[in-house]
Every structure is written in structure tokens, then in C-alpha cells.
Amino acid sequence: MKISLPNEGIILGIESSCDETSAAILRGRDIASVIISSQHFHTSFGGVVPELASRAHIRSIVPIAEEALAKAGVSAHDITAIAATFAPGLMGALLVGLNFAKGMALSLSVPLIGVHHIEAHIFSAMLEEEKPELPFLALVVSGGHTLLVVVEDIGRYSVIGKTLDDAAGEAFDKVGKMLGMGYPAGPVIDRAAKSGDPTFVKFPRSMMNDETFDFSFSGIKTSVLYYLRDNPGILSTRSADIAASFQQAVVDVLVGKTIRAARERNIRDIVCVGGVSANSLLRSQFKTTCDEQKKRFFSPRPMLSTDNAAMIAMLGALKLDRGISSDLSLSAMARVPL
Ligand code: KG4
Ligand code: ZN
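Because the structure is a prediction, the values reported are computed rather than measured.

What follows concerns the overall build of the protein chain. When helices and strands are counted, the protein chain shows 10 helices and 10 strands. Here the protein chain has a C-alpha radius of gyration of 20 Å; the compact-globule value for 338 residues is 20 Å, and the two agree. In terms of its C-alpha atoms, the protein chain occupies a principal-axis envelope of roughly 65 × 45 × 30 Å. A buried classification covers 56% of the 338 residues belonging to the protein chain. For the protein chain, the computed accessible surface area is about 14,000 Å², with 53% contributed by carbon and sulfur atoms. For the protein chain, the distance from the average site of its 33 positive side-chain charges to the average site of its 35 negative ones is 3 Å.

For the protein chain, the assigned domains are domain 1 (10-123 + 304-321) and domain 2 (132-299). For domain 1 versus domain 2, the separation of C-alpha centres amounts to 27 Å. Carbon and sulfur atoms make up 74% of the area that domain 1 and domain 2 hide from each other, which totals about 1,300 Å². When the area that domain 1 buries against domain 2 is broken down by residue, the three leading residues are Ile118, Ile122 and Ser305, summing to 40%.

What follows deals with the site of ligand 1. Residues in contact with ligand 1 amount to 20 residues; listed here are only the nearest, Gly143, Asp173, Asp190, Gly275 and Asp307. Side-chain polar atom of Asp173 to an oxygen atom of ligand 1: 2.7 Å apart, as the coordinates give it. The contact in question runs from an oxygen atom of ligand 1 to an N or O atom on the backbone of Gly275, over 3.0 Å. A total of 560 Å² of accessible area belongs to ligand 1 in isolation, and the protein chains cover 89% of it. Of all elements in the fold, only helix 3 (117-123), helix 4 (168-178) and helix 5 (186-193) reach the threshold of two or more residues within the shell around ligand 1. Classifying every residue of the shell around ligand 1 gives 6 nonpolar, 11 polar and 3 charged.

Across the junction of Ala87 and Pro88, the peptide omega takes the value -20°, indicating a cis bond. Within the fold, Pro88 resides in the loop between strand 4 (81-87) and helix 2 (91-108). Cis geometry is adopted by the peptide bond preceding Pro135, which originates at Leu134 and carries an omega value of -10°. Position of Pro135 among the secondary structure elements: in the loop between helix 3 and strand 6 (136-141). Even without glycine at this site, Asn266 takes up a positive phi of about 55°. Within the secondary structure layout, Asn266 lies in the loop between helix 7 (235-264) and strand 9 (269-273).

Along the chain, Lys102 turns up in helix 2. Considered as a pair, Lys102 and Ser329 are 227 residues apart in the sequence and their alpha carbons are 9.0 Å apart. Separated by 3.1 Å, the side chain of Lys102 and the backbone oxygen of Leu328 make a polar contact.

We now examine the pairing of strand 9. In terms of residue burial, strand 9 counts as a mostly covered element, since 5 of its 5 residues are buried. Bridge analysis of strand 6 against strand 9 gives 5 bridges, and the strand direction is parallel. Considered in strand 9, the bridge of Val140 is made with Val273. Pairing of strand 9 with strand 10 (residues 296-298) involves 3 bridges; the strand directions are parallel. Residue pairing for strand 10: Ile270 is matched across the bridge by Phe297. Note on the crossover from strand 9 through helix 8 (residues 280-292) to strand 10: the handedness is right-handed.

Here we come to the coordination of the zinc ion (ligand 2). Note on the zinc ion (ligand 2): its protein donors are His117 (NE2), His121 (NE2) and Asp307 (OD). The metal-donor distances range over 2.1 Å. Taken together, the 4 donor atoms surrounding the zinc ion (ligand 2) define angles of 93 to 148° at the centre, an arrangement classified as irregular. The sequence pattern formed by the donor residues of the zinc ion (ligand 2) is H-x3-H-x185-D. Residue His121 is located in helix 3, and its partner Asp307 is located in the loop between helix 9 (302-305) and helix 10 (310-321); the two are separated by 186 residues in the primary sequence.

Tallying each qualifying case throughout the model produces 6 aromatic pairs. Geometrically, the ring pair formed by Phe203 and Tyr227 is edge-to-face, given 6.1 Å between the ring centres and 85° between the ring planes. Remark: Tyr227 occurs in helix 6 (residues 218-230) and Phe203 occurs in the loop between helix 5 and helix 6; sequence separation between them is 24 residues. By relative accessible area, Phe203 is classed as buried at 3%. Ring centres of Phe286 and Phe297 lie 4.9 Å apart, and the angle between their planes is 15°; on these two criteria the pair is classed as stacked. With Phe286 in helix 8 and Phe297 in strand 10, this pair connects stretches of sequence that are 11 residues apart.

Rules used in this analysis
- Residues numbered from 1 in each chain as written.
- Chains lettered and ligands numbered in written order.
- Predicted model: local features only at pLDDT ≥ 70, side-chain atom pairs only at ≥ 80, totals over all residues.
- Heavy atoms only, no water.
- Helix = DSSP H or I, 4+ residues; strand = E, 2+ residues; numbered from the N terminus.
- Rg over C-alpha atoms; globule rule 2.2 N^0.38 Å.
- Buried < 20%, exposed > 50% of the residue type's maximum accessible area, 1.4 Å probe, protein only.
- Areas by Shrake-Rupley, 256 points an atom, 1.4 Å probe, with all protein chains shown as cover.
- Lys, Arg positive; Asp, Glu negative; His and termini not counted.
- Charge placed at Lys NZ, Arg CZ, Asp CG, Glu CD.
- Domains from an automatic or database assignment.
- Buried area = accessible area lost by both parts, 1.4 Å probe.
- Near = heavy atom within 4 Å.
- Polar contact = N/O pair within 3.5 Å; in protein donor to acceptor, adjacent residues only side chain to side chain.
- Nonpolar A, V, L, I, M, F, W, Y, C, P; charged D, E, K, R; others polar.
- Pairing = 2+ DSSP bridges.
- Right-handed = clockwise from strand over helix to strand, strands pointing away.
- Donors = N, O, S within 2.8 Å, 3.2 Å for Na, K, Ca; no water.
- Tetrahedral: all angles 85-135°; square planar, octahedral: opposite > 155°, others 65-115°.
- Phe/Tyr/Trp six-rings, centres within 6.5 Å; stacked < 30°, edge-to-face > 60°.

What follows is the structure, given as C-alpha cells:
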């Protein structure tokens, strides 16, 4: 079943759940602008410092929203609705974006639509020309989440698999740290792996062939750690090969399990979203396997795979089209399951 999309309306999307402040304008079903400012304030082990992220959002939210409006060539008074992330994420960070959106909605007398960040990632695939149809299977792979979700409709989800330990993005970031790369390490590993040999080390494909659709990445991560410990000095000559071998192990598990779920559930359309879906090997291996298996594969372009406000505006538009909006008393929440 095709998902119905509005033809008109100008929606301002606001996203500030982690360390990216982003604003976007959706005109009808088209992206008129998307501005993303990454503010990576991290601890020495590669995590985000919540207080610094909140302060950065406070500084940047107004200029970023103004830039999104200017780039789209619209004034605040043209906006017909405002969508903002209300959960899940860092509380202080969420509060900045949500309260900004509430203030705008109140002063412009337009509806506010509170949006769940993971739900918005799932529908980020709708920002592209080729759109999935319902029901579809969504693999959500971000810094904090790894979920396999059967999407029956907007608001109707069954989570059939999840990570039992680290999220896929977290594994990329932690292994990147071991390889001496900066944060976030996912894109750096992706680039380094292009000149590496993915068969150099055979890291484990954890839970690849068990009966569930759950994932585990801490075993792969620990194997990299032990490999580096047992082979001192190897990084100076073989870091690209190790990056490629690690990436291949993660991608094999993600693609293998997702395809098996799609076959068993008899679902044709597969959607891969979230920051890790920007990974070039993950995308190409999904594409090839889906072609072989007569499945259709969808993923937003890399810039819309990582956190952005266009996906927030898109889910806002889809919800509003179905008569769903939020009360101004909506609270920000750090943890809300899908
Ligand atoms: O969805 P996202 O932007 O933020 C969260 O909601 O978590 O995902 C960020 C994660 C980070 O762990 C980052 O390392 C990973 O996505 N990532 C990648 C790539 N680009 C971003 N992982 C692998 N390959 C990439 N090209
Ligand atoms: Zn995200």
C-alpha cells in the first residue's frame, strides 16, 4: 500500500536530540532546505557531553532556523505547522528544540507535531524519490539503536529484533577509537575500509545464524581488541585491512538477518535508516542481496541517514495529513520505546 503524502503545506522541522542542531523546511512533499550543524563536544572515550550539547543548541537554534527559512525562501508567517523531536535523546538537548518549536507554534498559531526520533528515522526513506510501500521492514542502525521493525502503518510497529548489547554505530565508534580514529568513527572506518582487505581477519559474525532476529556487537568489538593486543604494532601497516575486516563482519550480520526476516515474514520492501545506513558497504551489499532475492531496497541519501530535521518535518507532515498533532503541554522525554 502506498503511503499518502500531502501536496501542500510548509512545515518547519526541528531536531536537537543529541549533538546536532538541525532545521528544515518541507514544502508539500519536497525538501526546500535542510541545515545541520554538528557540534561534537565529546569526552575522551568518545561520548557526547550533555551539558555542552545543550548550551550549543541554545546558541545555534535561532540562527539555524533562520537559515533554513532563508534558504527555502519563506518567511516565518508562511509556515503552516511545526514538527519537533520530543523523544528519545538527551533531556537538556531535547528541551531546547521542543520549547523553541512550542514558542514558534504558539506565536504563529500553527499546529505543533511532536515526533519520536526513531520513528522519524524510519520514515526518512520517504524523503527520496523512490518510496517504500506498506508493510515494510525497517532496519534502524544508529549510534544508540539497532532495531528490526515491521512497519504496518504510521504508528503501527512490531519490533522483531534488537541489539542485546552495543548498537551498531556504537560498535563502529568504539572500534574506531581502538584504531586511533576520531569520533564519530563510522565515516572514518567506511573511508579507510575502501583501501583495505575485508578478508584479512575473520572476525565473528555474532548471532548470524541463531533463530532470533536479535543482534550482538560486543563480541565483534572484543575480538578486534584481542586481535590488536595479540598483534602489537600491526596498526602501523594494516589499519585499513582491520577496519575493512571489522566492517565486513558487521555488514554481513546486518544484511543477513534483515534479509532472512524479510523472507520469513514475506515482506517485499526493506528500508535501512539511521547513521550507520550511510555506510557504503552496507548500502551496496543490501542492494545486491535485495536484487538477488527479488526484494526492493530503500535508504535515504547519506546526508539524510544521520540526524537531520528533514526527517522530522516528513514524519510531521505524514502525521498531520492523518489529523495527528500535539498539545502544547507535550513534554520532552529521554526514553520512550518505539
Ligand atoms: O542516526 P545518527 O546520526 O545519530 C543517532 O541517532 O545515534 O547515528 C550516528 C552513528 C554514529 O555511531 C556514527 O559513527 C555512525 O552513525 N555512522 C556511520 C557512518 N556514518 C555515520 N557508521 C558507519 N559508516 C558510516 N558511513
Ligand atoms: Zn538518530
